[in-house]
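Take a look at the letters that make up each chain.
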Amino acid sequence: MTAGLLELTAAQAGAAVRAGELSAEEVFEVYRARAASNSLNAFLWVADAAPASPKAAGAELAGIPLAVKDLFCTEGVPSQAGSRILEGYRPPYTATVVRRLAEAGAPLLGKTNQDEFAMGSSNENSAYGPVLNPWDRGRVPGGSSGGSAAAVAAGLAPWAIGTDTGGSIRQPAALCGIVGMKPTYGAVSRFGMIAFASSLDQAGPLTRDVTDCALLLRHMIGHDRRDSTSVQFPEEIALPDRDDLKGVRLGVPEELVGAEGGVDPGVRRSFEETVALAERLGASVESCRLPHAPHALSAYYLIAPAEASANLARFDGVRYGLRVGGDDGLEQMYERTRGRGFGAEVKRRIMLGTYALSSGYYEAYYGTALKVRTKISDDFREAFSRFDFVVTPTSPWTAFELGAKLDDPLAMYLNDFCTVPMPLAGIPAISIPSGLSEGLPVGFQLSGPAFSENRLLQAAYALERAIGFDGSRAREGAVGDDGGALGGAGRGGELDPGAVA
Ligand code: GLN
């Protein structure tokens, strides 16, 4: 059974555990060994054993270990947000969403690599070295939840959680050939998530298929009094079962899918095929307008850095992680710690954000960006009065080569062209694999109005079944020749970060 375990989705593995065909210990051990091989540099820390949790036995997620992005606080376990400044930081508490999933039976498997403070689209901004894409190790897995996406795609973890501020779940899911969902803002508690841009950050699932996504999301949502922006989700998340799209109205936004988005020909082909497939399943498809969507990137790259500049002020060498001391004074210590602790992209964002918020520029930059954000929400509201969902490619292109966009921040930011409008509007969106282009996965994105998660999952499920994407190639040889060499196969605890850098 263990040999076939990798072929099972998380939901199937859980069912096998409940039926007594597999033991939870066996499942944990198989994945622990795969995760600890640290092939792909996807993990920064791997558990030695499943925590004993009598409460979790028999729970719905019992026996399905969970990979968790490094920026979720986990009690006593390194939580570094991919940054040097938090090196060795072990929080005294656990993020609400991780605690909820553990209570539902999913033990912590490990912490996954990510772009520093979730700033990036390629995982190359991690202080602990880049993650490799299991489809082609010369390419990026996307970011910022690149470790979570690569781990799930390569079968190093049955499933994972990540965070999405401007695309950080959906874009890596697309580039790695898995499912990723950003829920409605407020659906999942942010308590214990190391903040990047608080008005945008949302946690969500990265999974092998849509059913796993629904199952994981079901246990993530819910009001948390420790997060003042969290809300009670109006209904339970159901497991999807729909196999057609009869009566579903899809809108294709010209502004995102047209020439301006710079969508690659291979990605466009896969998108068009998927739209045609949706029509065959009974959906109606028409073009729609999101007139302000092309300005979403500019607004995002003011709002997110502005919020980040405030959120990251707390890392000063006094309270957490790194301190680069000396006896020349407090301010000098702050400067040295922040100078040494933050990477180049984080510094760029702090400077951009501080500038955008500075007196004299606040109205012109930050204020204008907020107005654009409102316009984008209005555009979606208008679109959803005529359509059930808005569909786009998730990323304009497939996984690019490591280093290809590192020297060009603007080219890197364009990754988010189709994913940034949704978090600005606070609405949910899901990316599913729609096929391959030159051997690399392509993602198809569906977004809907706030709290439409159940309907989105149903539509994504119907499409997923019709597409029949096969992700097995990413799992074959994932823990291969160099698997042990990179991080020490079979070893738990802290891995040797950056071994592939
Ligand atoms: N790639 C985007 C950025 O760099 C989005 C990141 C995210 O969603 N956390 O900000």
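Refer to the structure presented above.
The structure displayed is predicted, hence computed values, not measured ones. (Residues numbered from 1 in each chain as written. Predicted model: local features only at pLDDT ≥ 70, side-chain atom pairs only at ≥ 80, totals over all residues. Heavy atoms only, no water.)

**Regarding the overall build of the protein chain**
Secondary structure assignment for the protein chain yields 18 helices and 12 strands. The globule rule puts the C-alpha radius of gyration for 501 residues at 23 Å, and the 21 Å found for the protein chain is close to it. Projected onto its principal axes, the C-alpha coordinates of the protein chain cover approximately 70 × 65 × 45 Å. In the protein chain, buried positions account for 62% of the 501 residues. With the model as given, the accessible surface of the protein chain reaches about 17,700 Å², and the carbon-plus-sulfur share is 51%. Distance between charge centroids for the protein chain: 3 Å, based on 46 positive and 59 negative side chains. (Helix = DSSP H or I, 4+ residues; strand = E, 2+ residues; numbered from the N terminus. Rg over C-alpha atoms; globule rule 2.2 N^0.38 Å. Buried < 20%, exposed > 50% of the residue type's maximum accessible area, 1.4 Å probe, protein only. Areas by Shrake-Rupley, 256 points an atom, 1.4 Å probe, with all protein chains shown as cover. Lys, Arg positive; Asp, Glu negative; His and termini not counted. Charge placed at Lys NZ, Arg CZ, Asp CG, Glu CD.)

**Digging into the site of the ligand**
Near the ligand, the surroundings consist of 15 residues, among which Ser121, Gly166, Ser168, Tyr300 and Arg349 are the closest. One nitrogen or oxygen atom from the main chain of Ala118 is found 2.8 Å from a nitrogen atom belonging to the ligand. At a separation of 3.2 Å, an oxygen atom of the ligand approaches a polar backbone atom of Gly167. When isolated, the ligand has an accessible area of 290 Å², and the protein chains bury 100% of it. Taken together, the residues of the shell around the ligand sort by class into 5 nonpolar, 7 polar and 3 charged. (Near = heavy atom within 4 Å. Polar contact = N/O pair within 3.5 Å; in protein donor to acceptor, adjacent residues only side chain to side chain. Nonpolar A, V, L, I, M, F, W, Y, C, P; charged D, E, K, R; others polar.)

**A short note on the nonpolar core**
Ranked by internal contacts, the top residues of the largest apolar core, which has 153 residues, are Phe43, Phe72, Phe117, Ile161, Ile430 and Leu446. Not counting the four nearest positions on each side in its chain, Leu446 is found in contact with Phe389, Val390, Val391, Pro428, Ala429, Ile430, Leu456, Ala459, Ala460 and Leu463. (Core = buried A, V, L, I, M, F, W, Y, C linked by side-chain atoms within 4.5 Å. Contact = heavy atoms within 4.5 Å.)

**Overview of the pattern of salt bridges**
A complete count under the given rule lists 21 salt bridges for this structure. Here Glu60 and Arg218 are joined by a salt bridge, their closest N and O atoms 2.7 Å apart. Placement of the pair is Glu60 in the loop between strand E1 (43–46) and strand E2 (66–69) and Arg218 in helix H7 (residues 210–220), with a sequence separation of 158 residues. The exposure class of Glu60 is partly exposed, given its relative accessible area of 30%. Among the ionic pairs, Glu345 bridges to Arg348, the shortest N-O distance being 2.3 Å. Of this pair, Glu345 and Arg348 both sit in helix H12 (residues 344–357), 3 residues apart, which is roughly one turn of that helix. For Glu345, a relative accessible area of 10% gives the class buried. (Salt bridge = Lys/Arg side-chain N within 4 Å of Asp/Glu carboxyl O.)

**Re H7**
The element H7 is largely enclosed, with a buried count of 10 among its 11 residues. Buried within H7 are the following residues: Val210, Thr211, Asp212, Cys213, Ala214, Leu215, Leu216, Leu217, His219 and Met220. Looking at where H7 begins, the residue whose side-chain oxygen comes 3.3 Å from the main-chain nitrogen of Thr211 is Asp209.

**Here's the deal with the packing of H7 against helix H16 (residues 453–467)**
The N-to-C vectors of H7 and H16 enclose an angle of 160°; their axes lie 9 Å apart at closest approach. Considering the angle they form, H7 stands roughly antiparallel to H16. Seen along the crossing, H7 lies across H16 with a hand that is left-handed. Contact residues: H7 offers Val210, Thr211, Cys213, Ala214 and Leu217, while H16 offers Glu453, Leu457, Ala460, Tyr461 and Glu464. A breakdown of the residues in the contact of H7 with H16 according to their chemical character gives 7 nonpolar, 1 polar and 2 charged. (Axes fitted to C-alpha atoms, helices over the stretch in contact; angles between N-to-C directions. Parallel < 35°, antiparallel > 145°, perpendicular 65-115°, else oblique. Left-handed = near helix turned anticlockwise from the far one by under 90°.)

**Points about the side chain of Ser377**
Of note, Ser377 is situated in helix H13 (residues 363–384). By relative accessible area, Ser377 is classed as buried at 18%. Beyond its immediate stretch of four places on either side in the chain, Ser377 contacts Leu424 and Ala425.

**Structural notes on the environment of Gly204**
On the secondary structure map, Gly204 appears in strand E6 (residues 202–207). Residue Gly204 is classed as buried on the basis of its relative accessible area of 0%. Between the C-alpha atom of Gly204 and that of Ile221, which follows or precedes it by 17 residues, the distance is 9.2 Å. Look past the residues within four positions of Gly204 in its chain and what remains in contact with it is Ala160, Ile161, Gly162, Ile169, Met181, Pro183 and Met220.

**With respect to the environment of Asp328**
Note on placement: Asp328 falls in the loop between helix H10 (296–311) and helix H11 (330–341). Spatially, the C-alpha atom of Asp328 lies 53 Å from that of Gly63, the residues being 265 residues apart in sequence.

**Quick word on helix H9 (residues 265–280)**
Helix length check: H9 (16 residues) gives 23 Å between terminal C-alpha atoms against 22 Å at 1.5 Å per residue, within 8%. Residues of H9 that are buried include every one of Gly266, Val267, Ser270, Phe271, Thr274, Val275, Leu277 and Ala278, and no others. One or two residues past the end of H9 sits Gly282, with phi positive at roughly 110°. (Expected span 1.5 Å × (residues − 1).)

**Some thoughts on the packing of aromatic side chains**
Here a ring pair, both rings aromatic, is described through the centre-centre distance and the interplanar angle of the planes. On inspection of all chains with the given rule, the structure shows 15 aromatic pairs. Three or more aromatic residues link up through ring pairs in this structure, and these residues are Tyr89, Phe117, Phe315, Tyr320 and Phe342. Just above the ring of Phe191 sits the side chain of Arg226; from NZ or CZ to the centre is 5.1 Å. Just above the ring of Trp397 sits the side chain of Lys405; from NZ or CZ to the centre is 4.0 Å. (Phe/Tyr/Trp six-rings, centres within 6.5 Å; stacked < 30°, edge-to-face > 60°. Lys NZ or Arg CZ within 6 Å of the ring centre and 35° of its normal.)

**Points about the state of the cysteines**
As enumerated under the stated definition, the model contains 0 disulfides in all. Left without a disulfide partner, Cys213 is nearest to the cysteine sulfur of Cys176, which lies 15 Å away. Residue class for Cys213 comes out buried when judged on its relative accessible area of 0%. This cysteine, Cys418, is not joined by any disulfide, and Cys288 carries the nearest cysteine sulfur, 12 Å off. For Cys418, a relative accessible area of 0% gives the class buried. (Disulfide = S-S within 2.5 Å.)

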